[in-house]
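Overview (structure and organization)
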Amino acid sequence: MKHLLCLNDLTSEEIIGLIDYADKLKYEHKNGIRHDHILRGKILGMIFSKSSTRTRVSFEVGMKQLGGHALFLSSADIQLGRGETIHDTAKTLSRYIDGIMIRTFSQKDVEELAYYGSIPVINGLTDEAHPCQVLADLMTIRESKGRLKGLKLAYIGDGNNVANSLLIGCAKTGVNISVATPAGYYCEKKYVEAAQKIASTTGSCIDISTDPVAAITDADVVYTDTWISMGMEADREKRIKDFASYQVNSDLFSKAKPDAIFLHCLPAYRGYEVTEDVIDGPRSLVFDEAENRLHIQKAVMATLME
Ligand code: CP
Ligand code: NVA
């Protein structure tokens, strides 16, 4: 593992290995065992071209707990935002720091940064993928259900970056995934095809439809995300109409297994993709999920930057 650009770059064993490592780091952290020897003196640059709460704070806190330091680099303030190339940014930053986390629009930019730089690059969300989120999701599911293989995850809503990464993450770990999106809001074809190919070796089932009821029936895990991802704000009104029958409310949620858990990467918009009774209900694990971003990213950074 040299970078974390997309979950497809990781083997199934590497994903499980990261979750095992994150579980250990979480347990030790809660028992007062310090990790500040692991990346002592190392520096992570965090480039943000989009807003963030969880990613920004969990990477910065994680780096501090590992004994290193994180630099917040808003793309509006660095020269990248004024047209300096990714190529020159990658080469320059490689002379100063030990790793880069980037949140931006184009997946190609993240790949270019990794290609031209000489330090590990971590994808902190692009329009296509959100691999750190899905690693935390898989960790949260295993923590709650005790296993991954053979479970059914239903993703209801927009076929966005989180959905694309869930397809790959579930396929790699043997989780069956049913994705229901309105017509025209499907996951990217290349992610669906990649997931189907992986699933043929791991035995997981990949089901893509426009039917939220069929998708959620008998699910162990129910997942949704905002209908309006960052960059889609101009389509807000149309999206709210197109997604109206894809809301995870108590009626839809009742069709999942009685012990199904609810996940959402956050930020959530109550009354749109999910109702308050579901996200704030007893089977919602959204804050464990948010917490696990910290532990899994510590495992990722320690693996890539040690
Ligand atoms: N889930 C997630 O990535 O949250 P932020 O946008 O707050 O980082
Ligand atoms: N799909 C959302 C995820 C936010 C963490 C977005 O891209 O805005």
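Coordinates for the structure precede this section.
Presented here is a report on the structure given in the accompanying data block. The residue numbering used here restarts from 1 in each chain and proceeds along that chain's sequence as written. Chain A is the first chain written and ligand 1 is the first ligand written, with later ones labelled in order. Totals for whole chains, interfaces and linings use every residue, but because this is a predicted model, local features are given only for residues with pLDDT of at least 70 and side-chain atom pairs only at 80 or more, for both listing and counting. Calculated side-chain values reflect all of the structure's heavy atoms, with hydrogen atoms and water omitted.

Helix and strand definitions here come from DSSP, where helices need a minimum of 4 consecutive H or I residues and strands a minimum of 2 consecutive E residues; each element is numbered from the N-terminal end. Broken down by element type, the chain carries twelve helices and nine strands. Radius of gyration: over C-alpha atoms. The globule rule applied is 2.2 Å multiplied by the number of residues raised to the 0.38 power. Since a compact globule built from 306 residues should have a radius of gyration of about 19 Å, the 19 Å found for the chain is in line with a globular shape. Judged by the C-alpha coordinates and their principal axes, the chain covers about 55 × 45 × 35 Å. Under the scheme applied here, a residue whose accessible area is under 20% of the maximum for its type counts as buried, over 50% as exposed, and between as partly exposed, the area being computed with a 1.4 Å probe on protein chains only. The buried share among the 306 residues of the chain stands at 57%. Restricting to contacts in the chain with at least 6 residues of sequence separation, those with at least 24 account for 77%. Accessible surface area values rest on a Shrake-Rupley calculation with a 1.4 Å probe, where residue burial reflects the displayed protein chains alone. For the chain, the accessible area works out to roughly 13000 Å², and carbon and sulfur atoms hold 51% of it. Separation between the mean location of the 35 positive side-chain charges and that of the 41 negative ones in the chain comes to 3 Å. By definition, residues are in contact when any of their heavy atoms lie within 4.5 Å. By the counting rule applied here, Lys and Arg register as positive and Asp and Glu as negative, while His and the ends of each chain are not counted. A charged residue contributes its charge at one atom only: NZ of Lys, CZ of Arg, CG of Asp or CD of Glu.

The next point concerns the pairing of strand β2 (residues 69-74). The two faces of the sheet receive side chains in turn, since in a regular strand these alternate between them. One requirement defines pairing of two strands: DSSP has to find at least two bridges between them. In this structure, strand β1 (residues 43-48) lies alongside β2, joined through six bridges in parallel fashion. Of the residues in β2, the one forming a bridge with I47 is L73. Think of it like this: strands point away, you trace from the first strand over the helix to the second, and a clockwise trace means the crossover is right-handed. Taking the sense of rotation as the criterion, the β-α-β connection linking β1, helix α2 (residues 54-65) and β2 turns out right-handed.

Let us now look at the site of ligand 2. Put simply, a residue is near a molecule or strand once any heavy atom of it comes within 4 Å of that molecule or strand. Neighbouring residues of ligand 2: L125, N160, N161, D225, T226, S229, M230 and L266. N160 places a side-chain nitrogen or oxygen 3.3 Å from a nitrogen atom of ligand 2. Polar contacts, as used here, are pairs of N or O atoms within 3.5 Å; protein pairs need one atom able to donate a hydrogen and one able to accept it. Residues neighboring in sequence count only if both atoms are side-chain atoms. Between ligand 2 and the protein, one listed contact pairs an oxygen atom with a side-chain N or O atom of N161 at 2.8 Å. Here ligand 2 has 270 Å² of accessible area as a free molecule, and 95% of this is covered by the chains. Of the residues that constitute the shell around ligand 2, the class distribution is three nonpolar, four polar and one charged. Residue classes follow a fixed rule: Ala, Val, Leu, Ile, Met, Phe, Trp, Tyr, Cys and Pro count as nonpolar, while Asp, Glu, Lys and Arg count as charged, and any other residue, Gly among them, counts as polar.

Let's shift gears to the nonpolar core. One broad rule of soluble globular proteins: the nonpolar side chains tend to lie buried together. Side-chain atoms within 4.5 Å link the members of a nonpolar core, which is a set of buried Ala, Val, Leu, Ile, Met, Phe, Trp, Tyr and Cys residues. With 63 residues, the main nonpolar core has L4, I122, L153, L167 and M301 as its most contacted residues. Listed in part, the 25 residues of the second largest apolar core include F243, L252, F262 and A268.

Take the site of ligand 1 next. As a structural note, the neighbourhood of ligand 1 is formed by S52, T53, R54, T55, R103, H130, Q133, C265, L266 and R293. T53 has a polar backbone atom sitting 2.7 Å from an oxygen atom of ligand 1. Interatomic distance of 2.8 Å between a backbone N/O atom of R54 and an oxygen atom of ligand 1. When ligand 1 sits alone it has 250 Å² of accessible area, and the protein chains cover 95% of it. Residues that form the shell around ligand 1 fall into these classes: two nonpolar, five polar and three charged.

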